[in-house]
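As a plain string of letters, each chain reads:
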2 protein chains.
Amino acid sequence: MPSLSETIQSGGLKGNLLATQCPSRQILKDVTSRWGVLVLIALQTGTLRFAELRRTVGGVSDRMLSQTLQTLEKDGFVSRFVYDVVPPHVEYSLTPMGREVTELVRALADWIEEATPGIMSKTAPAQTVEAAVTTSG
Amino acid sequence: MPSLSETIQSGGLKGNLLATQCPSRQILKDVTSRWGVLVLIALQTGTLRFAELRRTVGGVSDRMLSQTLQTLEKDGFVSRFVYDVVPPHVEYSLTPMGREVTELVRALADWIEEATPGIMSKTAPAQTVEAAVTTSG
DNA sequence: AATTATGCTTACGTTTTTGTATGTACTTAC
DNA sequence: GTAAGTACATACAAAAACGTAAGCATAATT
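Calculation notes
Residues numbered from 1 in each chain as written. Chains lettered and ligands numbered in written order. Predicted model: local features only at pLDDT ≥ 70, side-chain atom pairs only at ≥ 80, totals over all residues. Heavy atoms only, no water. Contact = heavy atoms within 4.5 Å. Buried area = accessible area lost by both parts, 1.4 Å probe. Salt bridge = Lys/Arg side-chain N within 4 Å of Asp/Glu carboxyl O. Polar contact = N/O pair within 3.5 Å; in protein donor to acceptor, adjacent residues only side chain to side chain. Helix = DSSP H or I, 4+ residues; strand = E, 2+ residues; numbered from the N terminus. Nonpolar A, V, L, I, M, F, W, Y, C, P; charged D, E, K, R; others polar. pLDDT = per-residue confidence, 0-100. Near = heavy atom within 4 Å. Least-squares fit on C-alpha atoms with pLDDT ≥ 70 in both. Expected span 1.5 Å × (residues − 1). Bend = angle between axes of the 7 residues up to and from the residue.

Caption draft 1: Representation of the interface of chain A and chain B within the structure. Counting from both sides, the interface comprises 59 residues of chain A and, opposite them, 59 residues of chain B. For chain A, the biggest contributors to the area lost against chain B are Leu18, Trp111 and Glu113 of chain A; these three give 12% of the whole. Connecting chain A to chain B are two salt bridges. For Lys14 of chain B, the salt bridge is made with Glu113 of chain A, and the minimal N-O distance between the two is 2.9 Å. The interface formed by chain A and chain B holds 14 residue pairs in polar contact (both at pLDDT 80 or more) in total. Mapped by element, the contributors of at least two residues to the side of chain A that touches chain B are α1 (24–32), α2 (34–44), α4 (62–74), β2 (78–84), α5 (96–121) and β4 (129–134) of chain A. Looking at the side of chain A that touches chain B residue by residue, the classes come out as 34 nonpolar, 14 polar and eleven charged.

See below:
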């Protein structure tokens, strides 16, 4: 049974995100990046072309969409299928692994979408609680 | 039954993250921020003081930890309890709502921690598939 | 008496991220 | 003939995130 210290860098089986140089942090970053989350969610409904993705994910620029897709592809979450025709035709879809993460990402996204109204309605009240504990002075 | 177009900005019940100016994006950002994820996970095991958090979350600086905690507090995910003593004593813990999101964040984190070794082992193979479709020329 | 610890804040500078504009090769629609 | 659409890359600049160092009030420790 692997202990907490048996992380990837020490030859163990899984990562420990709380450890400074754990490689998992990079993957986490890729998945939870600003556009990464949205692209994954957009692709959950099915295959989409570049321009379709750009229209689906509100606000992405060509540059960021392209960059995000490349990152997700190199991590193995997205697969790219290019038809050798002109004008260019490229299709993006989730890999089996991509579908797995996206389910979890989707769950988080759903929760947030539902919780947001409630969160936004309380204009940041002072949640801090001050204890009545005082020193003798 | 609300349709997709009935987002927050149009007076509906829930957000639509794919929409450009959906408020949910900010909450998503707060939760999935570099240190936000790690702080939530660290607090899942229980109440922690500032310095304890700093030691638990590998690599955080005072500045970022403080900033992250403030954001999570204003969103209502973390509660702050300060003892009025000197030297200062402040305890951080998850709110009921914080515990909810953290479960989802934790699920994602767990998945990633386990998948990372496999992802890292394939030094970014060219996943792209090229079709044999060609124009007549 | 000097050091360490606490929970921050502020100033400063660097790094990273993101956006904008432009170009490409070619086709279809007008 | 002109405009629009396709899937990007590239250069440049603005914006956001982040790290480092220093400071503060006070108590316990050495």
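After that view of the structure, there is still more to cover.
Caption draft 2: Just the confidence of the model for chain A, in detail. Residue and element names in this part refer to chain A. Summary statistics for chain A give a mean pLDDT of 86 and a share of 80% for residues scoring 70 or more. Predicted confidence for residues 1–5 stays below pLDDT 50, and this span has four contacts to residues more than four positions away or in other chains. Long-range and interchain partners of residues 132–137, a stretch whose pLDDT sits below 50, account for seven contacts in this model, where long-range means more than four residues apart.

Caption draft 3: Just the protein's contact with DNA strand D, in detail. DNA strand D sits among 22 residues. The nearest are Arg49, Arg55, Arg80 and Tyr92 of chain A together with Arg63 of chain B. Near the protein, meaning within 4 Å, the atoms of DNA strand D are sugar or phosphate in a fraction of 68%, with bases accounting for the rest. At a separation of 3.0 Å, a base oxygen of DNA strand D approaches a polar side-chain atom of Arg63 of chain B. Taken together, the elements giving at least two residues each to the surface near DNA strand D come down to α3 (50–56), α4 and β3 (89–94) of chain A together with α2 (34–44) and α4 (62–74) of chain B. Broken down by element, the surface near DNA strand D gets its largest block of residues, four residues, from α4 of chain A. In the surface near DNA strand D, the residues fall into ten nonpolar, four polar and eight charged.

Caption draft 4: Structural view of the relation of the copies chain A and chain B. Rotating chain A by 180 degrees about the axis while translating it 0.0 Å along that axis superimposes it on chain B, leaving an RMSD of 0.0 Å. On this basis, the relationship between the two copies can be described by a two-fold rotation axis. Identified as the residue of chain A closest to the rotation axis by C-alpha distance is Thr32 of chain A, at 2.9 Å. Mapped onto chain B, 100% of the interface residues of chain A are again interface residues, and the two copies thus contact each other with one and the same surface.

Caption draft 5: Broad picture of helix α5 (residues 96–121) of chain B. With 26 residues, α5 of chain B extends 38 Å from end C-alpha to end C-alpha; this agrees with the ideal 38 Å at 1.5 Å per step. Of all bends in α5 of chain B, the biggest is about 45 degrees, found at Ala115 of chain B, and the proline Pro117 of chain B comes one to four residues later.

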